[in-house]
Amino acid sequence: MLKGITNFVSRYLYAAMSCIYLFAAGFLFVRNRLLIYKISSHFGYPEVNIPVVDPASIIPLKNLEDSPVQVLEPIGRDGNVSAVELFIINLFIKAMNPVKIFEMGTFDGRTTLNMARNSADHARIWTIDLPRERLDSTKLPIVPLDRQFIDKPSSGTCFAGREEEKKITQLYGDTATYDFSPFFSSMDLVFIDASHSYEYVLNDSRIALKLLKDKKGVIIWHDYMMWEGVTRALKELYSTEPEFKDIRHIEGTSLACLVRGWG
Ligand SMILES: C[S@@+](CC[C@H](N)C(=O)[O-])C[C@H]1O[C@@H](n2cnc3c(N)ncnc32)[C@H](O)[C@@H]1O
């Protein structure tokens, strides 16, 4: 009993000191801002909330009966999606059978590899990554925590040399300046997981919509409710741009998705 009280008091003091720091100076760091969102939300701050859905309500699981999902490299690293998120992305690929897929933010290519393995033999994937030499010359602001994922010797190491590589085209560039026009109106699924800044997520989301064939298909975002910039941008798109009004947050994950005119 006494031990329980001591533990609580110690945690209470730690949290109180952390709050003083958060509101005095911590908010200056992007990585702490999501906490302010969460605290204000917890105490009823009126705000837009993207509806949360069960993945089974948007993924046609009946298409999977004879076609099991395969998860390659299930143990990820910092910067990757979680194992559950990877499984759900693979479910989308298996169940919706997109033929043309575009990924923004390759990193080590773990998700690219999985999308390649779970898609049809004739499916193709294009994935774009920012070369480390462009780290300090992006058109839009990035957030400091993005730097660790950009600053790496090479992109796509998970699929390099593997059978799945033949389905994948690696592109390099800054999503704010890259000429995406050759890919406009051709993609069935777009996965957005590049820079996490508010400005980039707005930019990448609007490009993703242009990439979809006849504006129909699926857009998946990673890191909703995990990164402040991603969260703010998606809430804004959801509440102000009619083409994004059907964005949904997938329960138990940091994935958000927009399914437009599928099936
Ligand atoms: C979080 S990692 C992507 C993780 C990967 N999608 C996965 O599922 O494992 C973010 C990637 O986006 C890239 N990136 C960041 N800013 C970018 C930009 N402006 N244009 C293109 N790629 C960018 C980084 O180089 C990094 O490889």
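Reading guide: rules and limits
Residues numbered from 1 in each chain as written. Predicted model: local features only at pLDDT ≥ 70, side-chain atom pairs only at ≥ 80, totals over all residues. Heavy atoms only, no water. Helix = DSSP H or I, 4+ residues; strand = E, 2+ residues; numbered from the N terminus. Rg over C-alpha atoms; globule rule 2.2 N^0.38 Å. Buried < 20%, exposed > 50% of the residue type's maximum accessible area, 1.4 Å probe, protein only. Pairing = 2+ DSSP bridges. Near = heavy atom within 4 Å. Polar contact = N/O pair within 3.5 Å; in protein donor to acceptor, adjacent residues only side chain to side chain. Areas by Shrake-Rupley, 256 points an atom, 1.4 Å probe, with all protein chains shown as cover. Nonpolar A, V, L, I, M, F, W, Y, C, P; charged D, E, K, R; others polar. Core = buried A, V, L, I, M, F, W, Y, C linked by side-chain atoms within 4.5 Å. Contact = heavy atoms within 4.5 Å. Domains from an automatic or database assignment. Buried area = accessible area lost by both parts, 1.4 Å probe. Expected span 1.5 Å × (residues − 1). Salt bridge = Lys/Arg side-chain N within 4 Å of Asp/Glu carboxyl O.

### Thoughts on the overall build of the chain
Then, in step 1: Within the chain one finds 8 helices and 8 strands.
Then, in step 2: The C-alpha radius of gyration computed for the chain amounts to 20 Å, which stays within 12% of the reference 18 Å derived for 263 residues, consistent with globular compactness.
Then, in step 3: Viewed in the frame of its principal axes, the chain has a C-alpha envelope of about 65 × 45 × 40 Å.
Then, in step 4: Across the 263 residues that make up the chain, the buried fraction comes to 47%.

### Looking at the sheet that holds strand β3 (residues 124-129)
Then, in step 1: Reading across the sheet, the 8 strands line up as β1-β7-β8-β6-β5-β2-β3-β4 and stay open at both edges, with mixed pairing between neighbours. For this open sheet the edge positions go to β1 (52-53) and β4 (168-172), each flanked by a neighbour on one side alone.
Then, in step 2: The pairing of strand β5 (residues 189-192) with strand β6 (residues 217-221) spans 4 bridges and is parallel. The residue of β6 that forms the bridge with Val190 is Ile219.

### Topic: the site of the ligand
Then, in step 1: Lining the immediate surroundings of the ligand are 23 residues, of which Asn80, Gly105, Thr111, Asp129 and Asp193 lie closest.
Then, in step 2: A distance of 2.7 Å separates a nitrogen atom of the ligand from a polar backbone atom of Gly105.
Then, in step 3: Contacts to the ligand include Thr175, whose backbone N or O atom sits 3.1 Å from a nitrogen atom.
Then, in step 4: When the ligand sits alone it has 610 Å² of accessible area, and the protein chains cover 99% of it.
Then, in step 5: Split into classes, the residues belonging to the shell around the ligand amount to 8 nonpolar, 9 polar and 6 charged.

### Concerning the nonpolar core
Soluble globular proteins tend to pack their nonpolar side chains together in the buried interior.
Then, in step 1: Core analysis: the biggest nonpolar cluster contains 34 residues, and Phe102, Val190, Leu211, Trp221 and Leu234 have the highest contact counts within it.
Then, in step 2: Sorting the residues of this core by element identifies β2 (100-104), β3, β5, α7 (198-211), β6, α8 (228-240) and β8 (256-260) as the ones contributing at least two each.
Then, in step 3: Ranked by residue count, the leading element in this core is α7, at 7 residues.
Then, in step 4: Each residue touching Leu234, except ones within four places of it in the same chain, is listed here: Ile50, Val201, Ser205, Trp221, Tyr224, Ile247 and Ala256.
Then, in step 5: One finds Val69, Ile101, Leu189 and Val218 within the second-largest nonpolar core, a separate group that totals 28 residues.

### Observations concerning the domain arrangement of the chain
Frequently, the measure chosen for interface size is the accessible area that the parts lose on association.
Then, in step 1: Domains assigned within the chain are domain 1 (2-42) and domain 2 (52-260).
Then, in step 2: Computed over C-alpha atoms, the centres of domain 1 and domain 2 are 32 Å apart.
Then, in step 3: Facing the 6 residues of domain 1 at the interface are 9 residues of domain 2.
Then, in step 4: Between domain 1 and domain 2, a total of about 660 Å² is buried, with carbon and sulfur atoms accounting for 76% of that surface.

### Observations regarding α8
Then, in step 1: Here α8 is 13 residues long and its end C-alpha atoms lie 18 Å apart, about the 18 Å a rise of 1.5 Å per residue gives.
Then, in step 2: Of the residues making up α8, those classed as buried are Glu228, Gly229, Val230, Thr231, Ala233, Leu234, Lys235 and Leu237.
Then, in step 3: Buried residues along α8 sit in contact with α2 (30-42), α7, β6 and β8.

### Quick notes on the pattern of salt bridges
Between side chains of opposite charge, a pair can form when the charged atoms approach closely.
Then, in step 1: Scanning the entire structure with this criterion turns up 14 salt bridges.
Then, in step 2: A salt bridge links Arg162 to Glu164; the shortest N-O distance between them is 3.9 Å.
Then, in step 3: Its relative accessible area of 31% is what places Arg162 among the partly exposed residues.
Then, in step 4: Look at Glu164 and you get buried, because its relative accessible area is 7%.
Then, in step 5: Here Arg232 ties to Glu228 by a salt bridge, and the two come within 2.8 Å at their closest N and O atoms. In this pair, Arg232 and Glu228 are both assigned in helix α8, 4 residues apart and thus about one turn of the helix distant.
Then, in step 6: On the accessibility criterion, Arg232 (32% relative accessible area) is partly exposed.
Then, in step 7: Within this structure, Glu73, Arg117, Arg162 and Glu164 form a network of salt bridges that share partners.

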